[in-house]
Amino acid sequence: MPRLPEGPRIVIFAEPRDGHAKTISTHMRRLGAQPQTMRLQDCEFDTSQLSGLSIPGGMPDAVLVRTVSEGSFEAVTKRLGLLHALRRSGVTVWNDARTVECCVDKSMTSFLLHQAAIATPPTWTVENRADAAEIVKREAERGNLVLKPLFGSQGRGLKLISGVEDLPDEQAVSGVYYLQRFVAAAGPQFHDYRVFVINGRLVAAMRRASSHWITNVKQGGKPCAAIIDAELGSIAGRAAEAVGANFCGVDIIRNADGEYLVLEVNSMPAWAGLQKVTPVNIAREIAAALVAHVRSQGALKAAG
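Procedures and definitions
- For every chain, the first residue of the written sequence is number 1, and numbering continues from 1 onward in sequence order.
- At least 70 in pLDDT is required for a residue's local features to be given in this predicted model, at least 80 for side-chain atom pairs to be given and counted, and no such filter applies to totals for whole chains, interfaces and linings, which use all residues.
- The basis for every side-chain value is the complete set of non-hydrogen atoms in the structure, without hydrogens or water.
- Only protein chains enter the calculation, and the probe is 1.4 Å; a residue is then buried if its accessible area is under 20% of its type maximum, exposed if over 50%, and partly exposed in between.
- Think of it this way: any DSSP run of H or I at least four residues long counts as a helix, any run of E at least two long counts as a strand, and we number them from the N terminus.
- By arc we mean the arc of the directions from the helix axis to the C-beta atoms, nothing more.
- Working rule for contacts: check all heavy atoms of both residues, and any pair within 4.5 Å makes them a contact.
- Polar contacts here mean pairs of N or O atoms no more than 3.5 Å apart (in protein, one a potential hydrogen donor and the other a potential acceptor; neighbouring residues in sequence count only if both atoms are side-chain atoms).
- Only centres within 6.5 Å qualify two rings of Phe, Tyr or Trp (six-membered ring in Trp) as a pair; their planes then separate them into stacked at under 30 degrees, edge-to-face at over 60, and tilted for everything else.
- Put simply, buried Ala, Val, Leu, Ile, Met, Phe, Trp, Tyr and Cys residues joined by side-chain atoms within 4.5 Å make one nonpolar core.
- DSSP bridges decide pairing: two strands pair if at least two such bridges lie between them.
- Orientation is described by axes fitted as lines to C-alpha atoms, over the contacting stretch for helices, and by angles from 0 to 180 degrees between their N-to-C directions.
- Here a patch means residues that are over 30% exposed by relative accessible area and free of salt bridges, tied together within 9 Å if like-charged and within 5 Å if nonpolar (Val, Leu, Ile, Met, Phe, Trp, Tyr).
- Note on areas: Shrake-Rupley, 1.4 Å probe, and residue coverage restricted to the protein chains presented here.
- Salt bridges are defined by distance alone: a side-chain nitrogen of Lys or Arg within 4 Å of a carboxyl oxygen of Asp or Glu.
- Positive charges come from Lys and Arg, negative ones from Asp and Glu, while His and the chain ends are left out of the count.
- To locate a charge, take NZ of a lysine, CZ of an arginine, CG of an aspartate or CD of a glutamate.
- Each crossing gets its handedness from the near helix: less than a right angle anticlockwise from the far helix is left-handed, clockwise is right-handed.
- Under the grouping applied here, Gly and all other residues not named as nonpolar or charged are polar, the nonpolar ones being Ala, Val, Leu, Ile, Met, Phe, Trp, Tyr, Cys and Pro and the charged ones Asp, Glu, Lys and Arg.

**Q** An account of helix 5 (residues 129-139) is requested, with residue identities and associated values reported.
**A** Taken as a whole, helix 5 has its buried residues at Ala132, Ala133, Ile135, Val136 and Glu139. When helix 5 is viewed along its axis, its buried side chains cluster within an angular range of 160° and face the same direction. Structurally, helix 5 contributes buried residues whose contacts are with strand 7 (123-126), strand 8 (145-148), strand 9 (159-161) and strand 10 (177-181). The opening residue of helix 5 is Asn128, an N-cap whose side-chain oxygen sits 3.2 Å from the backbone nitrogen of Ala130.

Spelled out as structure tokens, the structure:
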């Protein structure tokens, strides 16, 4: 009896206790793939190797990036460099370093959304308090601003700015002020939407509701089932394309005039809250999409 070919080897970069990574691994195995979870910091550049890299278990067919661990500037640069190197070596990387960099840096996300003519709140990013104060003096007359950490997630560190006196000192923001126009959602309650996109396709969505203007689930926001119209699905797909994401979570708010605006795009999204209010198995969708992509790429190489 002929031996069946082994399925594609897929590395999932995640922390050891990452529940999402474990669930994705389970679905990949069911699809015949060979998943392996490891941390980016456990991989090395090694030019004594033919590939120039040292990856535990050898070079994979594909990589799924669940997390890039926090560390020094040098450590994070090296980890992102590894993702760049894997892509240059012909390995499929979801999401690749370019997308991760664009989404982790909120100012670049805002720039790319603006370049793609996708509605997003006006945003300013400067490197000293004096310039930030000038922006607040000029713009606060039109309404509040939101100060966000340039690198941050899950609603941590957000601050409502109504006047110059609300601006923290430069040390508190690592010298960078990312200011975005505060958008009041349509309706009596604070809410926005998290839309999950894979390969440009809307897979699942939720409405996040809160008594506070910060609606992130980790900050007490309540995930609710959402009916998504074509316009919301379209803007989420366009936002994913603008940052080059194979999969992502897109945060969108609908203002008092009924216009959808993209707030952020997350290239390493969690989905525990979303999974509670959607019948779609998100981990299975990610696994199926990546495995199918790797196999189609393999078939193309074989045919070529």
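**Q** Explain the packing of aromatic side chains residue by residue, including any values.
**A** For the structure shown, the criterion picks out two aromatic pairs. Relative to Trp271, the ring of Phe196 has its centre 5.8 Å away and its plane inclined at 85°; by these criteria the two rings are edge-to-face. On the criterion of sequence distance, the pair formed by Phe196 in strand 11 (residues 190-198) and Trp271 in the loop between strand 15 (260-266) and helix 7 (272-275) is long-range, its members being 75 residues apart. Here the two residues Phe196 and Trp271 agree in accessibility, since each one is buried.

**Q** Please give an account of the nonpolar core that cites residues and values.
**A** One broad trend across soluble globular proteins is that nonpolar side chains are buried collectively. Within the largest apolar cluster, 26 residues are counted, with the highest numbers of intra-cluster contacts made by Ile24, Met28, Leu64, Phe196, Trp271, Ile286 and Leu290. Contributing elements (two or more residues each) for this core: strand 1 (9-13), helix 1 (19-30), strand 5 (62-65), strand 11, strand 12 (201-210) and helix 8 (282-303). Top contributing element to this core by residue count: helix 8, with eight residues. Setting aside residues no more than four positions away along its own chain, Leu64 makes contact with Val11, Ile12, Phe13, Ile24, Met28, Trp94, Phe247, Ile286 and Leu290. By size, the runner-up hydrophobic cluster in this structure holds 22 residues, among which are Cys102, Val195, Tyr260 and Val262.

**Q** Summarise the pairing of strand 10; cite the residues concerned and give the values.
**A** Remark: a regular strand shows side chains that alternate across the two faces of the sheet. The buried fraction of strand 10 amounts to five of the five residues, a majority that puts the element mostly inside the structure. By the alternation rule, side chains of strand 10 split into Tyr177, Leu179 and Arg181 and Tyr178 and Gln180, which are all buried. Alignment of strand 7 against strand 10, held across four bridges, turns out to be antiparallel. Bridging from a neighbouring strand, Thr125 pairs with Tyr178 of strand 10. For strand 8 and strand 10, the ladder comprises four bridges, and the chain directions are antiparallel. Each bridged residue has a counterpart across the sheet, and for Leu145 the counterpart in strand 10 is Arg181.

**Q** Give me the lowdown on the sheet that holds strand 11, citing residues and values where you can.
**A** Strand pairing in a sheet relies on backbone hydrogen bonds. The paired strands run either parallel or antiparallel. Spatially, five strands are ordered 13-12-11-14-15 in an open sheet, and the strand pairing comes out antiparallel. Only two strands of the sheet have a single neighbouring strand rather than two, namely strand 13 (222-225) and strand 15. Looking at each pair of strands side by side, their axes are set apart by 30° on average, direction ignored. Each of strand 11, strand 12, strand 14 (247-254) and strand 15 is contacted by helix 6 (residues 230-243), which is oriented at about 40° to strand 15, the strand it contacts most.

**Q** For the sheet that holds strand 8, give the residues involved together with the corresponding values.
**A** Taken in spatial order, the four strands of this open sheet run 7-10-8-9, and their pairing is antiparallel. Sheet topology places strand 7 and strand 9 at the edges, where each strand pairs with a single neighbour. In this sheet, adjacent strand axes meet at a mean angle of 25° when their direction is disregarded. Judged from the three bridges that link them, strand 8 and strand 9 form a sheet pairing that is antiparallel. Counterpart to Leu147 in the pairing with strand 9 is Lys159. Here helix 4 (residues 106-115) sits on the sheet and contacts strand 7, strand 8 and strand 10; the angle it forms with strand 10, its principal contact strand, is near 40°.

**Q** An account of the side chain of Ser25 is needed here, citing residue identities and associated values.
**A** Locating Ser25 in the fold gives a position in helix 1. Among the residues examined, Ser25 registers a relative accessible area of 5% and is labelled buried. Those residues in contact with Ser25, other than ones at most four positions away along the chain, are Ile12, Pro35 and Thr37.

**Q** Let's hear about a negative patch on the surface: which residues, and what values?
**A** Negative charge collects at one region of the surface, where Asp229, Glu231, Asp257 and Glu259 lie side by side. The residue Glu259 is located in the loop between strand 14 and strand 15 in this model.

**Q** How would you explain the packing of helix 4 against helix 6 if you had to name every residue and give the values?
**A** Where helix 4 contacts helix 6, the axes come no closer than 9 Å and their chain directions differ by 115°. Handedness of the crossing formed by helix 4 with helix 6: right-handed. Contact with helix 4, carried on its side by Thr109, Leu112 and Leu113, involves Ala239, Ala242 and Val243 of helix 6 and no other residues of that element. Here the contact of helix 4 with helix 6 is composed, by residue class, of five nonpolar, one polar and no charged.

**Q** Describe the environment of Cys224, with residues and values.
**A** With respect to the element layout, Cys224 can be found in strand 13. Taking the C-alpha atoms as reference points, Cys224 and Val277, separated by 53 residues in sequence, lie 6.0 Å from one another. Cys224 has contacts with Met206, Arg207, Ala209 and Val277, leaving out every residue within four places of it along the chain.

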